[in-house]
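Below, each chain spelled out in residue letters.
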Amino acid sequence: MSSSTAETTFLLSEWIRRAIDEVDLSNLAAASPDVDHSLQWPENVRKQMALCSEEYLMSVLRVARSLAHGICEAEDIIALQGDHANSNHDYDEVSPSLPAPGTNWSDQVQVHLSSDRAEFDGSSKIIRADFLNISGNVTGSKGQSEDGMRRIYSLGIVLYELLSGGERPPEIEQHTGGGASKDGTQELSQEEESSQELSQEIISENLDFLHLDDVDESHNIVDVAAERSIFYDFIPDEFNLSSDDNSENPRKRQTQSCDYKVCDVSLEPLRAKCLPVSLCDLVANMIDCADGNPSGEDSYHKMSEVRDDLQLMLDKPAIYLYDQDMGKLSITGLQFGGTVFGRSAELSTVKDAYRRSMSGGSEIVTISGTSGFGKSLVGYEFGKHVLAAGGIMLSGKFDQLQQGTPFSAFASAFNDYCGILLDDNGPSSISGVLASKLRSSLGRDVLHLTKLIPNLASILGPETSPINFNEDCDNAQKRLQYLLCQFVDVISSTFSAPVTLFLDDLQWADAASIEAVNHLLIAASISSHDKRFFFLGCCREGEIKEGHPVWKLLRSVEKSSVVCTNIKLDLMNEHTINTMVSETLCLLPRLTRSLSSIIYHKTRGNPLFISRLMLSLSKEGLLRPSLIRRRWEWEIEKIECREMPDDVAMFLNDLIRELSEDVQSSLCILSCFGASAGISFINTLERALQKNICVNLDVAVTKGLLDIVNGQYRFSHDRIQEATYNMMEDGVRRLLHFTYGLSLASLSIAEGSANILFIAVNQLNLGGPATVEDPSQSHTVAALNLKAGKKAMEMSDFKAASSYLRHGISFLLEHHWKDNYDLSLELFELSAKCALTNGDHNRVKLLVEEVSNNAQSFEDKLEIMYTCTRSLLTASHVGEALTKGLFVLKELGIVLSGDLEALLMETKSMLAEYTDEQLLSLPVMTDRTQLMTMKFLSRTQTCLFQINPKSQPKAFLQMVQYSLRHGMNDLSPLGFVLYGSFLACRGDILTGYRYVKTAIKLAEKLSARSCMGGVLLVGSQVMGYVEPLQSVIDVIGRCHEYGLLEGGISDAMLSLSMIVICKFWSGAHLSLVKNTGDDTLRLMSSHSTPVWIIHTLPIYRTVLAMIGNVEDVPIILGSRSDTESEFERKMSETNLHLLKVVHFNKMYVGFMFRKYNEVKQLAVAYDAIQQLPFSSILISHSMHVFYGGLINFWIARTTMEVTWFDRGEKAIQKMRSYAQCSLWNFENKLFLLQAEQCFYLEDFDSAKRFYDAAILSAKEHKFLHEEALACELAGHFMLESGEGEDEGNSSLPYFLLAEKKYREWGAHAKGESVKSFIITQFGDLETTLESKICRTTPIEPDPRKRRAC
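Since the model is a prediction, treat every value here as computed from it, not as a measurement.

> Help me out: how do you make sense of the side chain of Asn1228 in this one?
Looking at the element boundaries, Asn1228 is found in helix α57 (residues 1223-1240). Leave out the neighbours within four places in its chain, and Asn1228 touches Ala1254, Ser1257, Ala1258, Phe1263 and Glu1266.

The following block contains the structure:
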């Protein structure tokens, strides 16, 4: 208790009076039209209002609960002492006193209050209530039981007085006129009373100095009774109130329990005060214990039951204290709320996982259990928690009969959320802010999401530049997943809140939705930004088998850093069921225990069964509201005898069959469309079927079988929908599905509704070809499936699209190629494209064969043959793909077997006729066959790059020529950028750079986004030879974004690898490079691209080597990324390019740490690897030339072998040509190579000038790492050549500056290496500083030396 808080103590009667006076009735007065102020009410009216107020009732409950709790504690201790006595164990605790049953307790109760002031006011709080001068006797077990119930009676009388405002029951007042008191003790004579009053005065005078009504200085509570007992020893016996001649202990009052007398008490005066029925019943149940035995069915047996009931009324007054509207309940019947019973532990587990995910990253929780166990309720209850905490909650529910709908529940969750945002449509509305941020972040690509999320189109507003949804996207689903991740990020950042996605009934989830969830989870977990995403899913136990999309999701997250928690729900136990029944009926658990026990044994604890049984009992009148008793009552014997089916499904069937045939028919119609359907859709269905459905469904709502939620008819539980659906025979169901589908199809065409189209086609497909009666229907249904398939492809759900197209093909008749050629061709072409996207290469092969055998022309085969080529390439059958491509090109009149040099000269000659502006102004190619020719040329050049790199230029040179002859298309920029890179690789860098810039401009003009990633990827490598290397990083970053936006995952991952390489060689701080590498490797792992992981690991390990002692590295390909795996070694053996990269990086690290022998062996092996015939230039090629040249000169000086020197000179020639294109990138490198050359030739003066020039150039052009390297090599030159000895160890400043620059770069391991070399070479640094003045001034090479170079 704080120092400013005081405690005051009042006798019960005084506390009642003051508590009533302090009740604030201003709210009630404000609601009264007749009286202006509560003070104007008559005293009796005001008292009555105060007695019924929440403030007073809650105070009364606290006092009564405190008294009951004190008695319970004392009874427990006494019982424990008895146990110890029976077992002959010592028990040291002092025996507590209990108030004797039947005594006039009210006069002995005192209430302790805490308040900021030592007086009673509105801020006073009840600390506890107890008894003054408690005295009693301890009896045997039977006597204890009887006395315990009599104490319940006595406390009931106290509670009666509390609730009545200090009035005692009239019956008790009548029994206090004389003779024996109601507690069985002899009443005092008048003389004895006078004597006792005198004794009280004397005692009070002697105890005045104690200030018993105050608190001590330390604010500890003063026990008045205890303080008085201290002084009983000093008071003469004649004044001692406790003396009794018949007692061995004159200070202990005896109770004559054998003469215990009570009287019956009527509760009507209490009920007349309009107090809550539950309180009046509680008092009645307590008074029923008057004679030591419970006389009523609901009577209390133990004081602990009283205490627990009082506590429940305090904790949940809305349920257990206040009256229900029994009149309303007699009309509506039993009602169930959304309370979750018996799942608090599981709900806490979900909340804990959510809290963890809020610290960053992502987490997944799945809840499984048998149908009806309350999985959905836990999810919805958790949703309330998320919203209350300020989070964003997206919810969706999968449906068994809507699995064909693209993204079904997943799209619904996002669409519903956008619908909520649309409700705020002010000028600065939330939706307006979101639209602005989405356009800023995603540009026009956000429109791809509008097909999936229709409400997003309304948020974004009218679009002036429509997007082409039919463009050839390598992997549109990957693009969509990337866009969804960006969408979630924008939502989260816009509202500064975490995003939670809850999807119910995952056992019916479609693969596309689960893949999107997987991508969202992994993207959040691997991001270095604060992306907070949480996923909760519910599924039926045992229905997620191996191979199911959710099974794959769980396996996938196990391999990532996403934390996964699985929760299993079990049947409810009897205690939980009693809590459920108790709170549903608003009756104390003690009163419902017998009913709950019967329900438990009949339902075996199935929550759905329990709720349905109780509703059934309510309808049958076995469980009913009583207007007389103003509470629920039941016929326990009839309920116990009621026969029940063994399964909840049978029980639900019985309930449904009790309905009228019209209502059953309407329920069956609704069940054919799943667990729910919008009211607007039902209205549409009524028009299509010309049936009155809504009226019948409303009847089902009143019966509790349906709910109306957010404008939808929804089955109260999935099992009800399943029971209704399964009441129909399979053949009948199929026929109904087909009939509903045909009726809706005509409406979908008339109204142009994609949603109705999907529903109609799903219904037709559920009916199946066997339900077709008229051959014309087959063509109609196949065409509708084609239309739905196209819509699904626009939404990037290729699995749903594939399903529609498969069904469309199944509806085709035997001679469909003859009778419905165009429809058949398009169905097969699109089906093959979907199969390719879904990775079903065997199906692609079958479809290709079918079209090849039935197509009427070669041109009609082009589309599916192109899909076949892509399938072969994707499946790594590159040779077959190349053969197929060359065959098609030959049929189209293009042969790639000619002379490369002749083809190159011809191309140069054709381009010489065009300026850059004229190239950009060429017409656009529109002919379908010509467009297909360009596609085949593009795929063929990809195949040649992998199989025969020398011939690759023939394909892209043909692309350039074909574009010049027939016009530009989306693939023309790719041909031009490859041509530019080819020229640069052959040494004509500036001309190549010109065509790279032209290709980028052409792609932008044509909006050729499908190839923009590839154009930037190839072009950036040429730009790195002309533009500052540091600026090229942003270009490669754009390539990564385009790759993700267009589904080009391979290009996107390759660009990430190049970003890491470019950052390293541009001299970015190594901690930044390492973080980029971490994110890159994790992202590559999440996209399952091991090839690019293997190509990234060599440079990543080089970064780690330069930093040194790095423990925090990602686990990739099953092992730490700083350790070479067996898989990598095998890949290197078969991939010469990768082998060369691995050798170079190892050679670089050895060179940087001056490991000569190791470097020489690696250099020999590096040169022995066959030179690859590159047709494109890479930035890393220049680094191979530069560091290879430095290493060659180092080995040449050591071995004095001319071969190594010659290789070094070739490196200088290469670097000189590079420097002519970009002094920024290559001047310092050329100077350093020339310095090493002069060092070898012992031209020391020139060498020193070149070293200093290299240092200055590297510093000026922001290559920190190469500035450090130039300083170090200059130091070695000065040390080994002996130059500057007269000036006194002039090599030392170079080494010191090198160490400083390496550390600034973040290369701490390398810095330590240089430091160790300095100490080894020059001794203790402090001593050297004192003796070598040159150490204190860093070197500053003369800029004139650079100009001279």
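> Explain empty space enclosed by the protein here, please?
Think of a ball as big as a water molecule: rolled over the atoms, this probe shows where empty space is left. By the definition in use, this model includes nine cavities of 30 Å³ or more. Space inside the largest cavity adds up to approximately 210 Å³. Around the largest cavity, the lining comprises 19 residues; the ones closest to its centre are Val277, Ser278, Asp281, Cys586 and Leu587. Among the elements of the structure, α10 (277-287), α12 (317-320) and α24 (589-603) are those that each provide at least two residues to the lining of the largest cavity. It is α10 that contributes the most residues to the lining of the largest cavity, five residues altogether.

> Hey, could you run me through unusual backbone geometry in this one?
The backbone phi angle of Arg604 is positive, close to 60°, even though this residue is not glycine. Among the secondary structure elements, Arg604 is positioned in the loop between α24 and α25 (607-620). Of note, Ser876 is a non-glycine position whose phi angle comes to about 70°, a positive value. Within the secondary structure, Ser876 is located in the loop between α39 (858-874) and α40 (878-891).

> Would you explain the environment of Lys1214 in this entry?
Following the sequence through the fold, Lys1214 ends up in helix α56 (residues 1202-1221). C-alpha of Lys1214 to C-alpha of Gly987: the two residues are 227 residues apart in sequence and 9.1 Å apart in space.

> Sorry if this is basic, but what is going on with the pattern of salt bridges here?
Two side chains with opposite charge may pair up if their charged atoms get near one another. A full pass over the atoms with the stated rule returns 54 salt bridges. A salt bridge links Glu268 to Arg271, with the nearest nitrogen and oxygen atoms 3.9 Å apart. Taken together, the residues Glu268 and Arg271, both in helix α9 (residues 268-271) and three residues apart, mark about one turn of the helix. Within the structure, one salt-bridge network assembled from shared partners comprises Asp298, Arg624, Arg629, Arg631, Glu633, Glu635 and Lys638.

> I tried to follow the sheet that holds strand β13 (residues 712-715) on my own but got confused; where do I start?
In any sheet, the strands associate via hydrogen bonds between backbone groups, in a parallel or an antiparallel arrangement. Pairing is antiparallel in the open sheet, where three strands are placed in the order β11-β13-β12. The two strands at the open ends of the sheet, each matched to only one other strand, are β11 (676-678) and β12 (706-709). On average, each strand axis in the sheet is tilted by 20° relative to the strand beside it, whichever way the strands run. Bridge analysis of β11 against β13 gives three bridges, and the strand direction is antiparallel. Note on β13: the bridge partner recorded for Ala677 is Tyr713. Here helix α29 (residues 679-689) sits on the sheet and contacts β11, β12 and β13; the angle it forms with β11, its principal contact strand, is near 80°.

Rules used in this analysis
- Residues numbered from 1 in each chain as written.
- Predicted model: local features only at pLDDT ≥ 70, side-chain atom pairs only at ≥ 80, totals over all residues.
- Heavy atoms only, no water.
- Helix = DSSP H or I, 4+ residues; strand = E, 2+ residues; numbered from the N terminus.
- Contact = heavy atoms within 4.5 Å.
- 1 Å grid on protein atoms, 1.4 Å probe; cavity = no way out; pocket = protein on both sides within 12 Å on 5 of 7 lines; lining within 4 Å.
- Points joined across faces, edges and corners; volume = space filled by probe spheres on them.
- Salt bridge = Lys/Arg side-chain N within 4 Å of Asp/Glu carboxyl O.
- Pairing = 2+ DSSP bridges.
- Axes fitted to C-alpha atoms, helices over the stretch in contact; angles between N-to-C directions.

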